[in-house]
Amino acid sequence: MTATAADTIDCQLCGAKVHAMKIHLRDSHPEVTLEQYQEAHPSAPIHSPYALERIREATAAKEAAVSASTEFAAGKAPLHEVFKLGAVKGAMSARGTAIMINILDAGEFTNMVPKKDDGYVYDIPNLKDVLLALEVDIPCYIWGHAGTGKTTLVEQVCARTNRPMLRVQHTVNTEESHIIGAKTVRDGQVLFDLGPLALAMKHGWTYVADEYDFAQPSVLSVYQPVLEGKALVIKEADHENMVIEPHPNFRFVATGNTNGTGDETGLYVGTSVQNEANYDRFGMVIHKKYMPEEEEAKILQFQGGLELEDAKRMVTFATKVREAYDARKISKPISPRTLIFASVIGVCRGNLRAGVERSFMSKLTSIDYKVVEELAQRVLG
């Protein structure tokens, strides 16, 4: 339902019905800052539903204008402008100058470039590492807990640098033919259909081998010459496709929940200890961790629709859950993805606890549930 100007909030100091508490305090209670007001009345909203709608509309219009004005043509462009980071120190070179990165021409494969997500918050060191791997053509492996944004990071880098991307999920049942292709019969003729790896190498796409540590080591060995920058040799293919040299724009990125040494947590059933010779061919290995609390709160504000105070409470809850997991008090951490779902449900239900209950707690064992229930009661009420 669309909010109207009649949808106000009450000032806890004088009872006035207002839309924006910051403006009201400035005009009617100049001796009280917004921070002091929030500290004295932590559960009181500072924006009315009507004001929130106007803020979202203005933010969307501003972002649309910025997006329209920051489309980059193929060639070189400043990293901090391409990713809308601002001229912050972390996004610049060691000398304080702009870092120039390549924007590709996707040509006929524009539809394979991922969509941009303006709500994605970048961990700048991780971003720079992925960009470095893509820029200088170093095979990159990103690992970490589920939901930390491993694949999404690669998607957004490809989206903003205009790189066509092909994502391939790996399972224990993945076979070599699923990767390089297989013979097929069409119109009475035996033909060889190229697999995703062969197509990515041939056309210059970024190949993302997702859930890499779920595949069998014997199957992953097909990647070894490719990780060395060599051609892919397919003995069963036709003469034209028997030897596929890597296109200059071809890049290889893999993601997984472990770093190839096996699952030490018991969370990721199906992963296995991998061949060291295979993993040794990744020149860039990134451990993708949960983002800083301040950044995660921004995500919940933007994608979960929460007020800042509520977003901070949700992140505090998530941090305590993750600490309990690290201390082996529970067997499952909460991911940023689940936290967003919980926030959306909490906003719709008007109760953050209800969102956490439905998105996370209902998945837990009875023992884990009791531990998390106590944390939720303590933080969320």
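Residues numbered from 1 in each chain as written. Predicted model: local features only at pLDDT ≥ 70, side-chain atom pairs only at ≥ 80, totals over all residues. Heavy atoms only, no water.

1. Overview of the pattern of salt bridges
So, point 1. Enumeration according to the criterion identifies 17 salt bridges in this entry.
So, point 2. When the shortest N-O distance is used, the salt bridge between Glu296 and Arg322 registers 2.9 Å. Remark: Arg322 occurs in helix 13 (residues 308-326) and Glu296 occurs in helix 12 (residues 293-304); sequence separation between them is 26 residues. The residues Glu296 and Arg322 share a single accessibility class, namely buried.
So, point 3. Residues joined by salt bridges that share partners form a network here, namely Glu53, Arg54 and Glu57. (Salt bridge = Lys/Arg side-chain N within 4 Å of Asp/Glu carboxyl O. Helix = DSSP H or I, 4+ residues; strand = E, 2+ residues; numbered from the N terminus. Buried < 20%, exposed > 50% of the residue type's maximum accessible area, 1.4 Å probe, protein only.)

2. A word on helix 16 (residues 366-380)
So, point 1. Compared with the 21 Å implied by 1.5 Å per residue over 15 residues, the 20 Å span of helix 16 between its first and last C-alpha is a close match.
So, point 2. Restricting attention to buried positions, one finds in helix 16 the residues Asp368, Val372, Leu375, Ala376, Val379 and Leu380. Within helix 16, the buried residues cover an arc of 100° as seen down the axis, which keeps them to one side. Set apart from the buried face of helix 16 by more than 90 degrees, the exposed residues are Ser366, Ile367, Lys370, Glu374 and Arg378.
So, point 3. Buried residues belonging to helix 16 abut helix 13 and helix 15 (352-359).
So, point 4. Once helix 16 finishes, Gly381 follows within two positions and takes phi at roughly 85°, a positive value. (Expected span 1.5 Å × (residues − 1). Arc of directions from axis to C-beta. Contact = heavy atoms within 4.5 Å.)

3. Considering the environment of Ile234
So, point 1. Along the polypeptide, Ile234 turns up in the loop between strand 10 (232-233) and strand 11 (243-244).
So, point 2. Through-space distance from the C-alpha of Ile234 to that of Ile180 is 7.5 Å; in sequence the pair is 54 residues apart.
So, point 3. In contact with Ile234, not counting residues within four places along its chain, are Ile180, Phe192, Leu194, Ala198, Asn241, Met242 and Ile244.

4. Some thoughts on the packing of helix 5 (residues 124-136) against helix 6 (residues 150-161)
So, point 1. Direction vectors running N to C along helix 5 and helix 6 enclose 60°, while the axes themselves pass 10 Å from each other. For the pair helix 5 and helix 6, the crossing hand works out as right-handed. Here Asn126, Leu127, Val130, Leu131 and Leu134 of helix 5 come into contact with helix 6, specifically with Leu153, Val157 and Thr161.
So, point 2. Grouping the amino acids of the contact of helix 5 with helix 6 by side-chain chemistry returns six nonpolar, two polar and no charged. (Axes fitted to C-alpha atoms, helices over the stretch in contact; angles between N-to-C directions. Left-handed = near helix turned anticlockwise from the far one by under 90°. Nonpolar A, V, L, I, M, F, W, Y, C, P; charged D, E, K, R; others polar.)

5. A word on the environment of Leu220
So, point 1. Along the polypeptide, Leu220 turns up in helix 9 (residues 217-220).
So, point 2. Here Leu220 falls in the buried class, since its relative accessible area comes to 1%.
So, point 3. As for Leu220 and Thr174, which are separated by 46 residues in sequence, their C-alpha atoms are 9.3 Å apart.

6. Quick word on the packing of helix 13 against helix 16
So, point 1. Following both chains from N to C, one finds helix 13 and helix 16 inclined at 150°, their axes separated by 10 Å at the closest point. Between helix 13 and helix 16, the angle falls in the class roughly antiparallel. Taken as a pair, helix 13 and helix 16 cross one another with a handedness that is right-handed. Mapping the contact onto sequence places Arg313, Met314, Thr316, Phe317, Lys320, Val321 and Ala324 in helix 13 and Val372, Leu375, Ala376, Val379 and Leu380 in helix 16.
So, point 2. By residue class, the composition of the contact of helix 13 with helix 16 is nine nonpolar, one polar and two charged. (Parallel < 35°, antiparallel > 145°, perpendicular 65-115°, else oblique.)

7. Thoughts on the confidence of the model for the protein
So, point 1. Of the residues in the protein, 93% reach a pLDDT of 70 or more, and the chain-wide mean stands at 88.
So, point 2. This model gives residues 66-70 a pLDDT under 50, and the stretch forms four contacts once residues within four places in sequence are excluded. (pLDDT = per-residue confidence, 0-100.)

8. What about the side chain of Ser359?
So, point 1. Tracing the sequence through the fold places Ser359 in helix 15.
So, point 2. Residue Ser359 is classed as buried on the basis of its relative accessible area of 6%.

9. Things to note about the sheet that holds strand 5 (residues 140-143)
So, point 1. Spatially, 6-9-12-5-13 is the arrangement adopted by the five strands of the open sheet, whose pairing is parallel. Each edge of the sheet is formed by a strand with only one pairing partner; in this case those strands are strand 6 (165-169) and strand 13 (284-287). For this sheet, the mean angle separating the axes of adjacent strands, direction not counted, is 20°.
So, point 2. Inspection of the sheet shows strand 9 (residues 206-210) paired to strand 12 (residues 251-256) by four bridges, in the parallel sense. When the bridges of strand 12 are listed, Thr206 appears paired with Arg251.
So, point 3. Of the strands in this sheet, strand 5, strand 9, strand 12 and strand 13 touch helix 5, which is tilted by about 160° from strand 13. (Pairing = 2+ DSSP bridges.)

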